[in-house]
Amino acid sequence: MLGRINHIALAVPDIAAASRTYRETLGAKVSAPQALPEHGVTVVFVELANSKVELLEPLGEASPIAAFLVKNPDGGMHHICYEVADILAARDQLVAAGARVLGDGEPKIGAHGKQVLFLHPKDFFGTLIELEQV
Ligand code: CO
């Protein structure tokens, strides 16, 4: 079912400071920040040879990462995104196996304009999983 790692997402309290650290201390290529109000985050992409890391800062009142940052004030790994070829087939197989899909169970359009779903972290060893159809 799983293809490549599409991205690893880190929630950070200050995206400008985090971008500077990734650019200057870690020597990575970091994109300009993009505000995604429909997702409640501002994001930058750290471009790596084999994948990317996304730095997420809360945007707006109802940001889905706000509670995470209350629990993890320094920031932390928020989710890992795996690519799948057929997101509906993957969902149906996972639900049949007892896994919980977050929200209404229907794919949404994610930050890259592709269909995504999130899987409950309690079913996957404490890690929030995003599936993205490629
Ligand atoms: Co993501």
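Data block above holds the structure.
Within every chain, residues take consecutive numbers counted from 1 along the sequence as written. Two thresholds apply to this predicted model, a pLDDT of at least 70 for residue-level local features and 80 or more for giving and counting side-chain atom pairs, whereas whole-chain, interface and lining totals are computed over all residues. Only hydrogens and water are set aside; all other atoms, that is, all heavy atoms of the structure, feed into the side-chain values.

Which parts of the structure should I look at to understand the coordination of the cobalt ion?
Under perfect tetrahedral coordination by four donors, a metal shows angles of 109.5 degrees; under perfect octahedral coordination by six donors, it shows angles of 90 or 180 degrees. Counted as donors are N, O and S atoms no farther than 2.8 Å from the metal, or 3.2 Å for Na, K and Ca; water is not among the atoms, and sites may therefore look incomplete. The protein atoms that coordinate the cobalt ion are His 7 (NE2), His 79 (NE2) and Glu 130 (OE), at distances of 2.0 to 2.1 Å. Donor residues for the cobalt ion, ordered by position in the chain, follow H-x71-H-x50-E. Of this pair, His 7 sits in strand 1 (residues 5-11) while His 79 sits in strand 6 (residues 76-84), placing them 72 residues apart in sequence. Partly exposed describes any residue whose relative accessible area lies between the buried limit of under 20% and the exposed limit of over 50%, with all areas from a 1.4 Å probe on protein chains only and scaled to the type maximum. A relative accessible area of 1% places His 7 in the buried class. His 79 gets classed as buried once you look at its relative accessible area, which sits at 5%. Each helix corresponds to a stretch of at least 4 residues labelled H or I by DSSP, and each strand to a stretch of at least 2 residues labelled E; elements are numbered beginning at the N terminus.

Any chance you could explain the pairing of strand 9 (residues 128-133) here in plain terms?
One face of the sheet, then the other: side chains in a regular strand alternate in exactly this way. Here strand 9 lies mainly inside the structure; five of its six residues are buried. When DSSP finds two or more bridges between a pair of strands, those strands are recorded as paired. Sheet analysis places strand 6 next to strand 9, joined by six bridges and oriented parallel. Counterpart to Ile 80 in the pairing with strand 9 is Ile 129. Two strands pair when backbone bridges link them, and strand 8 (residues 115-119) and strand 9 are joined in this way by four bridges, in the antiparallel orientation. Bridged to Val 116 within strand 9 is Glu 132.

Which parts of the structure should I look at to understand the environment of Val 84?
Along the chain, the position of Val 84 falls in strand 6. If near-sequence neighbours (up to four positions away) are discounted, Val 84 is found in contact with Met 1, Leu 2, Ala 90, Leu 131, Glu 132, Gln 133 and Val 134. Whether two residues touch is decided by their heavy atoms; if any such pair falls within 4.5 Å, the residues are in contact.

What should I look at first to understand the pattern of salt bridges in this one?
Pairing is possible between side chains of opposite charge, provided their charged atoms come close. Definition used for salt bridges: Asp or Glu carboxyl oxygen within 4 Å of a side-chain nitrogen of Lys or Arg. In this structure the tally under the stated criterion is four salt bridges. A salt bridge links Arg 91 to Asp 92; the shortest N-O distance between them is 3.1 Å. A cluster of three or more residues bridged by salt bridges with shared partners is formed by Arg 91, Asp 92 and Glu 106.

Such coordinate-based values are descriptive only and should not be taken to indicate function.
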